[in-house]
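This is what each chain is made of:
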Amino acid sequence: PRAQVIGRHLDMITDDRRARHEHDAVWESLLDGNRWSGEVWVRRQQSEPIPLLVTRCPVTDDSGAVVGVLSLGVDRTAEVEAQRFRALVHNSNDIAIIMDASGEITYVSPSVETVAGHKPADMLGTNAWDYHYPDDVEADRADVGAALAAGETITREWRLRRADGTWGWFEFTMRDLRDNPAI
């Protein structure tokens, strides 16, 4: 909020992660009349620092002397959190799969290639039940259907086909997120 920043020195609200000499170079450049853009971390009252994409421009008087700096910042928290989440999912040994009600795979994390040998792109549009051991499919589908209909999160071990055609036991935790607009 404005009341937290107006009239306060920038050092009181920034949690700048750049080296001090780089910070000083930015301010010297601003005082020379140059504009600057980059990422700055800002502390909110009692919370963790948040990332801002900031553009700073010197404000001059009629003689051209710098009398202040105008800063405009855009909160990048959601973008940084999304990048962090992607990095975790893409570098995990856990496989994340999104499938529709019929079992069609609409997303599979890159870790499926490391864990089971399947290329993620090759799995998109295929049916998840086609990877189950044939003798187990009917029981697995019934078990999942009953649990998800009851709104439960379930954890099960299933025999699934690896890319090389061998079968392995995999533990899965499933939850029905079809009503979540982000999914």
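Everything numeric in this text was worked out from a predicted model, so none of it was measured.

**Thoughts on the overall build of the protein**
A count of helices and strands for the protein gives 7 helices and 7 strands. Looking at the protein as a whole, 27% of its 183 residues qualify as buried. Long-range pairs, those at least 24 residues apart, make up 32% of the contacts in the protein between residues at least 6 apart in sequence.

**Notes on the pairing of strand S1 (residues 36-42)**
Of all 7 residues in S1, 5 are buried; the element is thus mostly enclosed. One ladder, built from 7 bridges, connects S1 with strand S2 (residues 50-60); its direction is antiparallel. Directly across from Gly38, in S2, lies its bridge partner Val54.

**Quick word on the nonpolar core**
By size, the foremost hydrophobic cluster in this structure holds 18 residues, and its most contacted members are Ile105, Met123, Val144 and Trp158. Looking at this core, the elements with two or more residues in it are strand S5 (105-108), helix H5 (111-116), helix H7 (137-149), strand S6 (154-161) and strand S7 (167-174). Considering each element in turn, this core owes the most residues, 4 residues, to H7. In this structure Trp158 touches His132, Asp140, Val144, Gly168, Trp169, Phe170, Phe172 and Met174, once residues within four positions along its chain are discounted. In terms of nonpolar packing, the next biggest core, distinct from the first, is built from 8 residues, Val40, Val42, Ile50 and Val54 among them.

**Things to note about the packing of aromatic side chains**
Under the criterion given, the structure shown has 3 aromatic pairs. Between Tyr133 and Trp167, the aromatic rings sit 5.0 Å apart at their centres with planes inclined by 80 degrees, giving edge-to-face as the arrangement. Residue Tyr133 is located in the loop between helix H6 (120-123) and H7, and its partner Trp167 is located in strand S7; the two are separated by 34 residues in the primary sequence. Residue classification places Tyr133 among the partly exposed residues on the basis of a relative accessible area of 23%. Plain terms: the ring middles of Trp158 and Phe172 are 5.4 Å apart, the flat faces sit at 35 degrees to each other, and that makes the pair tilted. With Trp158 in strand S6 and Phe172 in strand S7, this residue pair connects regions lying 14 residues apart in the sequence.

**Section: helix H4 (residues 77-90)**
The first and last C-alpha atoms of H4 sit 20 Å apart over 14 residues, in line with the 20 Å expected at 1.5 Å per residue. Turning to H4, its buried residues number three or more, namely Thr77, Val80 and Val89. In this structure, the buried side of H4 is in contact with S1, S2, strand S3 (66-75) and S5.

**Section: the pattern of salt bridges**
Taken as a whole and judged by the stated rule, the model has 5 salt bridges. In this structure, Glu39 and Arg76 form a salt bridge, with 2.0 Å as the shortest nitrogen-oxygen distance. One end of the pair, Glu39, is in strand S1; the other, Arg76, is in the loop between S3 and H4, with 37 residues separating them in the sequence. Of the residues examined, Glu39 reaches a relative accessible area of 33% and is grouped as partly exposed. For Arg76, a relative accessible area of 15% corresponds to the buried category.

The rules behind the values
- Residues numbered from 1 in each chain as written.
- Predicted model: local features only at pLDDT ≥ 70, side-chain atom pairs only at ≥ 80, totals over all residues.
- Heavy atoms only, no water.
- Helix = DSSP H or I, 4+ residues; strand = E, 2+ residues; numbered from the N terminus.
- Buried < 20%, exposed > 50% of the residue type's maximum accessible area, 1.4 Å probe, protein only.
- Contact = heavy atoms within 4.5 Å.
- Pairing = 2+ DSSP bridges.
- Core = buried A, V, L, I, M, F, W, Y, C linked by side-chain atoms within 4.5 Å.
- Phe/Tyr/Trp six-rings, centres within 6.5 Å; stacked < 30°, edge-to-face > 60°.
- Expected span 1.5 Å × (residues − 1).
- Salt bridge = Lys/Arg side-chain N within 4 Å of Asp/Glu carboxyl O.

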